[in-house]
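Residue-level structure breakdown
Given next are the chains, with one letter for each unit.
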Amino acid sequence: MDLLNSALRLAPRATLRAALAALRPLSQIAALRAFRAIPDDLRYPLPGYVIFEPTLRCDLDCDFCFQRGMHRSGDELSLEQIDELLQRLAPQRLKLIGGELLVRDDALRLIKLAAQHSNSLTITSNGNRLDDPTAKLLSGLANLQRLSLSVTQRQRLDALAPHTRGIARRTPIMAQALVRPQSVESIARACAKLPGMGIRTLLLMLEMWSTPEQVEQSLATLAGRFGAFERGMLHVRTLDRAPYSLAELESALERIGHAARRSGMVTLLEPRYGASRVQRLHEAQEPPAAKVVCSYLIEPALRVDPAGELIFCEHIRLPLGNLLEHDPRQLFNSEPMVNLRRLLLDGDFLPICRRCCKLVHLR
């Protein structure tokens, strides 16, 4: 993502598309090199990249969200505890994500604190609470590398425009949208407005969901390795069957891509598994051995939940220990963490992983 941030920040409008196109093979080469450099014992140095969830609360209740039903108040670190946490972790790169960060009453102070503790800060938000004070703060952060705004049907983009234009003068803003046939028209309308908001890039994300059988299979595998593994430790949207056909998904991608090109926007697709493999993702087929890898294996990160617990990722939320109470280096290379890495590296992906946005195609 450092390559992506550089392209977004430095490329002139006329050459942005060409710059991003040139980065695709470079990104794949970098991923392959990182894959080959994975330690044999799967024990990594403590990474400088921290992904922190200050809250899981959200002011939306989107039916497609894999955390739906989990947007509740729970244990959340105070500002003083977050200050201590970031001092312990000393992140070079810090990503703030949710839930929705801005629902916290102390969100602006939290953002200032995060900026003080990191050389590179990225923030993800739905934008619903982006107001003048927040925009003024974000516009003044020299180390804010990217702001990602989710584009939903509930947003009033016209109201956001004065705020995003000011932020975009200093910091690249990326819009994010979940590709669903029923959302094509709203995303197409957004594409017509986003350039006027200072937003030139749209990240399209494929929907992640699993059947009850796939969830139960994953739970059984995890329980076999780690003992008691509760259903609440998996944040996955569960559906009895596919919400739309492959043909409908491919048509939605084509129509959204056309709308974006017509507005002069650049579109990216996540997962980086590649648009040519949409069918494999849609049908949750077994990834080909040694060709697909979880991005957390080649770009290690400390994923921290609102209570300060180290977890593996946003979906597999086995608590691995509180980072305020234990040595971060020991937790990051604990036996449960190493076992999770081995499970994914062996190519034996959990069924819930097969539609994940964090899959990276190596070849």
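Because the structure is predicted, anything quoted here is derived from the model rather than measured.

So, how was this worked out
Residues numbered from 1 in each chain as written. Predicted model: local features only at pLDDT ≥ 70, side-chain atom pairs only at ≥ 80, totals over all residues. Heavy atoms only, no water. Core = buried A, V, L, I, M, F, W, Y, C linked by side-chain atoms within 4.5 Å. Buried < 20%, exposed > 50% of the residue type's maximum accessible area, 1.4 Å probe, protein only. Contact = heavy atoms within 4.5 Å. Phe/Tyr/Trp six-rings, centres within 6.5 Å; stacked < 30°, edge-to-face > 60°. Helix = DSSP H or I, 4+ residues; strand = E, 2+ residues; numbered from the N terminus. Lys NZ or Arg CZ within 6 Å of the ring centre and 35° of its normal. Polar contact = N/O pair within 3.5 Å; in protein donor to acceptor, adjacent residues only side chain to side chain. Axes fitted to C-alpha atoms, helices over the stretch in contact; angles between N-to-C directions. Parallel < 35°, antiparallel > 145°, perpendicular 65-115°, else oblique. Nonpolar A, V, L, I, M, F, W, Y, C, P; charged D, E, K, R; others polar. Arc of directions from axis to C-beta.

Of all hydrophobic cores here, the largest spans 106 residues; its most connected members are L96 and I316. Dropping the residues within four chain positions of it, I316 is found in contact with F229, M233, L234, I311, L340, L350, I352 and C353.

Turning our attention to the packing of aromatic side chains. Summed over the entire model, instances satisfying the criterion amount to two aromatic pairs. Ring centres 6.4 Å apart and planes at 65 degrees place the aromatic pair Y44 and F332 in the edge-to-face group. You can see Y44 sitting in the loop between α2 (16-36) and β1 (49-52) and its partner F332 sitting in helix α12 (residues 328-332), a full 288 residues away along the chain. When sorted by exposure, Y44 lands in the same class as F332, which is buried. The ring centre of Y49 lies 4.0 Å from the NZ or CZ of R93, which sits over that ring. Lying over the aromatic face of W209, R355 brings its terminal NZ or CZ to 3.7 Å of the ring centre.

So, about the side chain of S118. Here S118 is to be found in the loop between α4 (107-116) and β3 (120-125). Within the structure, S118 has its side chain in polar contact with the backbone nitrogen of L94 (distance 3.4 Å). Side-chain polar atoms of S118 contact the backbone oxygen of S120, separated by 2.8 Å. Each residue touching S118, except ones within four places of it in the same chain, is listed here: P91, Q92, R93, L94 and N143.

What follows is about the packing of helix α5 (residues 132-139) against helix α6 (residues 157-168). With their axes 8 Å apart at the nearest point, α5 and α6 run at an angle of 10 degrees to one another. By the criterion of interaxial angle, the relationship of α5 to α6 is roughly parallel. Between α5 and α6, the contacting residues are D132, A135, L138 and S139 on the first element and H163, G166 and I167 on the second. Classifying every residue of the contact of α5 with α6 gives three nonpolar, three polar and one charged.

Looking at helix α7 (residues 184-193), one finds that the buried residues are V184, S186, I187, A190 and C191. Down the axis, α7 shows its buried residues gathered within 165 degrees of arc, on one side only. For α7, the exposed residues set more than 90 degrees away from the buried face come down to R189 and A192. Tucked into the core, α7 has its buried residues touching α6, β5 (173-179), β6 (201-206) and α9 (246-262).

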